[in-house]
Amino acid sequence: EAEGVIYAPTGRPLGFFLREYRKVYQNAWLQLLGLRVPLTHAAPVLQLLPGRVLPHLGQPLMLADFYLRAFHSGSLEVSVLSLSGMLLLLTKHGLGDPETVSNSAQAYYAQLYSLLKPETFRLKKRARFQRLLAASLQSGLLPARFAGAFAKKCMHVAVLAAEPGTVMWLVSVAYSLIQRHHSHCRALLNRPPSEGAGEGAGGGAAPLAADPFDPAAPLEAALEQVGRTSLWEVQLLRRHHVNSIATLAKLFLKPFFKPTSRKLDPELFLDQSFENTFQQALKVAERQAARMKDRGEKCPVAFKVEDNPASAKVFGWAAALSTGERGG
């Protein structure tokens, strides 16, 4: 041992062998991932790579091509997992040099935008995508001009989603996104009259016959469309049959751009199931009935609400079926 450096029996520093082992380990994984990995094995491999493999590679960016191939595999679940790894490469391992990192981020967000659709929220492991989307939209890598398109797409998917928890999560994401990038999203909440819209019966601007926003369009096309659309979905969600969703939608009607304005945490809505929503509605009704009783008013309900877990599940399933039929 000399000056704090430990030498192996051959006289070489220990760090030399660590670097060599790292190279061998990296080459083994690159050769393995260079093979045609079946889709049935791709998902477990993508889950293993970020925590078990990437920290031990000398050049983690060598896996970028594998993540891109996985995204275009045709499997929605595999695409979600591949974007999770790409975000890790962008944020922790600096995917792209300083001159091209902006282009890499734009390509990543374009792929993320393409996965923002109702089908993704029907996956068994959709919570992984939801956390990935929330983290990506909160990242400093997000170009500010993309905020409006993502907020509009979130609200559009919220209208089509069946589960109340998913709807509330999407609304909270859009709310937080507009709150952080209000200068790029303000027109969505108060769109000025279009030049070619003409005049309506009341003398004001006539409403557009159709929404120019195409949810199936890629991100670049959506950036052009978002300047000619609005968040009409807010008015629709204000009339949602689930009171919690209607309450969230009403937050858009008040100014929420100040630093002291209310903040929403999307993480709180990840585990919001039908049963939880129904139980919360029962508790709200009980509090309302108690306040009415204190004021000496009669509760306008002709039956007694009982706390029965079996009944809560039945009513939750009924609500799910009715919402699913309307969505179909």
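Scroll up for the structure.
As the structure is a computational prediction, the values presented were derived from the model and not from experiment. (Residues numbered from 1 in each chain as written. Predicted model: local features only at pLDDT ≥ 70, side-chain atom pairs only at ≥ 80, totals over all residues. Heavy atoms only, no water.)

Q: Explain the overall build of the protein to me, using residue names and the numbers behind them.
A: When its secondary structure is counted, the protein shows 14 helices and 0 strands. When its helices and strands are written in sequence order, the protein yields α-α-α-α-α-α-α-α-α-α-α-α-α-α. In the protein, which comprises 328 residues, the share counted as buried stands at 38%. Accessible area of the protein: about 19400 Å², with a carbon and sulfur share of 56%. (Helix = DSSP H or I, 4+ residues; strand = E, 2+ residues; numbered from the N terminus. Buried < 20%, exposed > 50% of the residue type's maximum accessible area, 1.4 Å probe, protein only. Areas by Shrake-Rupley, 256 points an atom, 1.4 Å probe, with all protein chains shown as cover.)

Q: Run through the nonpolar core, naming residues and quoting values.
A: Of all hydrophobic cores here, the largest spans 78 residues; its most connected members are Leu49, Tyr108, Leu112, Phe129, Phe150 and Trp169. Residue contributions to this core peak at 10 residues, all from helix H8 (residues 164-180). (Core = buried A, V, L, I, M, F, W, Y, C linked by side-chain atoms within 4.5 Å.)

Q: Go over the pattern of salt bridges with me, naming the residues and quoting the values.
A: Scanning the entire structure with this criterion turns up 5 salt bridges. Between Arg126 and Glu163 there is a salt bridge whose closest N-O contact spans 3.1 Å. Of the two residues, Arg126 is situated in helix H6 (residues 126-138) and Glu163 in the loop between helix H7 (147-160) and H8; the sequence distance between them amounts to 37 residues. Relative accessible area serves as the criterion here: at 29%, Glu163 is assigned to the partly exposed category. Salt bridges linked by common partners bring Lys152, Asp211 and Glu233 together as one network. (Salt bridge = Lys/Arg side-chain N within 4 Å of Asp/Glu carboxyl O.)

Q: Provide a residue-level description of the packing of H7 against H8, including the pertinent values.
A: In the contact formed by H7 and H8, the axes pass within 9 Å of each other and the chain directions differ by 160°. One finds that H7 runs roughly antiparallel with respect to H8. Classified by chirality, the crossing of H8 by H7 is left-handed. Of H8, the residues touching H7 (which contributes Ala147, Phe150, Ala151, Cys154, Met155, Val157 and Ala158) are Val167, Leu170, Val171, Val173, Ala174, Leu177 and Ile178. Taken together, the residues of the contact of H7 with H8 sort by class into 14 nonpolar, no polar and no charged. (Axes fitted to C-alpha atoms, helices over the stretch in contact; angles between N-to-C directions. Parallel < 35°, antiparallel > 145°, perpendicular 65-115°, else oblique. Left-handed = near helix turned anticlockwise from the far one by under 90°. Contact = heavy atoms within 4.5 Å. Nonpolar A, V, L, I, M, F, W, Y, C, P; charged D, E, K, R; others polar.)

Q: Please provide a residue-by-residue account of the side chain of Ser82, values included.
A: Residue position: Ser82 is located in helix H4 (residues 76-92). Look at Ser82 and you get buried, because its relative accessible area is 0%. Excluding anything up to four places from it in sequence, Ser82 contacts Leu46, Tyr67, Ala70 and Phe71.

Q: How would you sum up the packing of aromatic side chains? Please name residues and give values.
A: Going through the model one piece at a time under the given rule, you end up with 10 aromatic pairs. Arranged with centres 6.2 Å apart and planes meeting at 85°, the rings of Tyr109 and Phe150 form a pair that is edge-to-face. Of this pair, Tyr109 sits in helix H5 (residues 101-114) while Phe150 sits in helix H7; the two residues are 41 residues apart in sequence, bridging distant segments of the chain. On the accessibility criterion, Phe150 (0% relative accessible area) is buried. With a centroid separation of 5.8 Å and 80° between ring planes, the pair formed by Phe121 and Phe129 is classed as edge-to-face. Phe121 sits in the buried class, given a relative accessible area of 6%. The class of Phe129 is buried, set by a relative accessible area of 0%. A cation over an aromatic ring shows up here: Lys153 above the ring of Tyr113, its NZ or CZ 4.0 Å from the ring centre. (Phe/Tyr/Trp six-rings, centres within 6.5 Å; stacked < 30°, edge-to-face > 60°. Lys NZ or Arg CZ within 6 Å of the ring centre and 35° of its normal.)

Q: Break down empty space enclosed by the protein for me, citing the residues and quoting the values.
A: The full count for this structure, using the stated rule, is 2 cavities of 30 Å³ or more. In this structure, the largest cavity encloses a volume near 50 Å³. In terms of lining residues, the largest cavity is bounded by Ala134, Leu137, Gln138, Val173, Ser176, Leu177, Arg180 and Pro266. Lining the second largest cavity are Leu46, Gln47, Pro50, Tyr67, Leu81, Ser84, Gly85 and Arg128. (1 Å grid on protein atoms, 1.4 Å probe; cavity = no way out; pocket = protein on both sides within 12 Å on 5 of 7 lines; lining within 4 Å. Points joined across faces, edges and corners; volume = space filled by probe spheres on them.)

Q: Please provide a residue-by-residue account of the packing of helix H2 (residues 39-53) against helix H3 (residues 64-71), values included.
A: Two numbers describe how H2 lies on H3: the axes approach to 12 Å, and their chain directions differ by 150°. Classified by the interaxial angle, the pair formed by H2 and H3 is roughly antiparallel. Both H2 and H3 take part in a crossing whose hand is left-handed. Facing Val45, Leu46, Leu49 and Pro50 of H2, the residues of H3 in contact are Phe66, Tyr67 and Ala70. When the residues that make up the contact of H2 with H3 are grouped by side-chain class, the tally is 7 nonpolar, no polar and no charged.

Q: How would you sum up the side chain of His156? Please name residues and give values.
A: Structurally, His156 can be placed in helix H7. The residues contacting His156, other than those within four sequence positions of it, are Pro215, Trp232 and Glu233.

Q: How would you explain H7 if you had to name every residue and give the values?
A: With 14 residues, H7 should cover 20 Å at 1.5 Å per step; its first-to-last C-alpha distance of 20 Å lies within 8% of that length. Of all 14 residues in H7, 12 are buried, a share of seventy percent or more. Regarding H7, the residues found buried are Ala147, Gly148, Ala149, Phe150, Ala151, Lys152, Lys153, Cys154, Met155, His156, Val157 and Ala158. (Expected span 1.5 Å × (residues − 1).)

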